[in-house]
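Close look at the chain arrangement
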Amino acid sequence: MRGLNLLLSACGAIAALLAWRALLPLMPVDPEAASMAVRLGRACAALLPSGFVLAAMLAVQMAGRMWSGAIDPLGGQDTVFLRVNQRVITNTVEQMAVFVPALLALAAAVPAGQMPAVAAACGVFALARLAFWAGYLLGPLGRAPGMAASFAVVAATLMAAAWKWLH
């Protein structure tokens, strides 16, 4: 089981890198992004897909509560779906708590020509969270690729931001 989890995690991390490389040429270079304020604004806009993914998770959780009748989250009547979905939401918020400030720090530090890489990271993060959500709903092992892909984006963004600000 651990070996399969490790293999799926490695596949997820590699998929994140490949997705980033595929998205990179699709992201336009904005000559106006020479200003730090513009870069920060563009980075905030690039975070919107992740916000939409989180909002979808919340909407599904609310609908699931209404459909199952488990209105009280402390009432002990949560279905497996509600418990799994809540863990997905919690983990997504935890990941975003590290990713968002790291991304903004990176956007503030890079030149305009590197902003497509920042925007591509946001796209991959949102896709990775969707993969995590779908995989977790399939089963515990199914979450490994999305979790590894998410963590790869978060860790790379955090390290890149630290590197830029320290050098």
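Figured I'd write up the structure that's included with this text.

Analysis parameters
- Residues numbered from 1 in each chain as written.
- Predicted model: local features only at pLDDT ≥ 70, side-chain atom pairs only at ≥ 80, totals over all residues.
- Heavy atoms only, no water.
- Axes fitted to C-alpha atoms, helices over the stretch in contact; angles between N-to-C directions.
- Helix = DSSP H or I, 4+ residues; strand = E, 2+ residues; numbered from the N terminus.
- Parallel < 35°, antiparallel > 145°, perpendicular 65-115°, else oblique.
- Left-handed = near helix turned anticlockwise from the far one by under 90°.
- Contact = heavy atoms within 4.5 Å.
- Nonpolar A, V, L, I, M, F, W, Y, C, P; charged D, E, K, R; others polar.
- Phe/Tyr/Trp six-rings, centres within 6.5 Å; stacked < 30°, edge-to-face > 60°.
- Buried < 20%, exposed > 50% of the residue type's maximum accessible area, 1.4 Å probe, protein only.
- Lys NZ or Arg CZ within 6 Å of the ring centre and 35° of its normal.
- Arc of directions from axis to C-beta.
- Polar contact = N/O pair within 3.5 Å; in protein donor to acceptor, adjacent residues only side chain to side chain.
- Salt bridge = Lys/Arg side-chain N within 4 Å of Asp/Glu carboxyl O.

Moving on, we come to the packing of helix α1 (residues 2-23) against helix α5 (residues 115-138). At their nearest, the axes of α1 and α5 sit 9 Å apart, and the two run at 130 degrees to each other. In terms of orientation, α1 and α5 fall into the oblique class. Considering only the axes of α1 and α5, their crossing is right-handed. For the pair formed by α1 and α5, the contact residues are Ala16, Ala19, Trp20 and Leu23 on the first element and Ala117, Ala120, Ala121, Gly123 and Val124 on the second. Its residues assigned to classes, the contact of α1 with α5 shows eight nonpolar, one polar and no charged.

A few words on the packing of aromatic side chains. According to the stated counting rule, one finds two aromatic pairs in the structure shown. Between Phe99 and Phe125 the ring centres are 4.3 Å apart and the planes differ by 10 degrees, which places this aromatic pair in the stacked class. Residue Phe99 is found in helix α4 (residues 80-109), and its partner Phe125 is found in helix α5; the two are separated by 26 residues along the sequence. In terms of burial, Phe99 and Phe125 fall into one category: buried. Ring geometry for Phe132 and Tyr136: centres 5.5 Å apart, planes at 65 degrees, overall edge-to-face. Taken together, the positions of Phe132 and Tyr136, both in helix α5 and four residues apart, correspond to about one turn of that helix. Of the residues examined, Phe132 reaches a relative accessible area of 1% and is grouped as buried. A cation over an aromatic ring shows up here: Arg143 above the ring of Tyr136, its NZ or CZ 5.2 Å from the ring centre.

Turning our attention to the side chain of Asn85. With respect to the secondary-structure elements, Asn85 resides in helix α4. Note on Asn85: relative accessible area 0%, which makes it buried. In this structure, Asn85 is in contact with Met57, Val60, Gln61 and Trp133, ignoring residues within four places of it in sequence.

Within helix α2 (residues 36-46) the residues assigned to the buried category are Arg39, Ala43 and Ala46. The arc that holds every buried residue of α2, seen down its axis, measures 60 degrees, which confines them to one face. Turning to α2, the residues buried within the fold contact α3 (48-68), α4 and α5. With a side-chain oxygen positioned 3.2 Å from the backbone nitrogen of Ala37, the residue opening α2 is Ser35.

On to the pattern of salt bridges, then. Scanning the model with the defined rule gives three salt bridges in all. Residue Arg42 pairs with Asp30 through a salt bridge whose shortest N-O separation is 2.4 Å. Here Arg42, found in helix α2, pairs with Asp30, found in the loop between α1 and α2; they are 12 residues apart in sequence, far enough to count as distant. The exposure class of Arg42 is partly exposed, given its relative accessible area of 39%. With relative accessibility at 19%, the residue Asp30 sits in the buried group. Close ionic contact of Arg65 with Asp78 constitutes a salt bridge, the shortest N to O distance being 2.8 Å.

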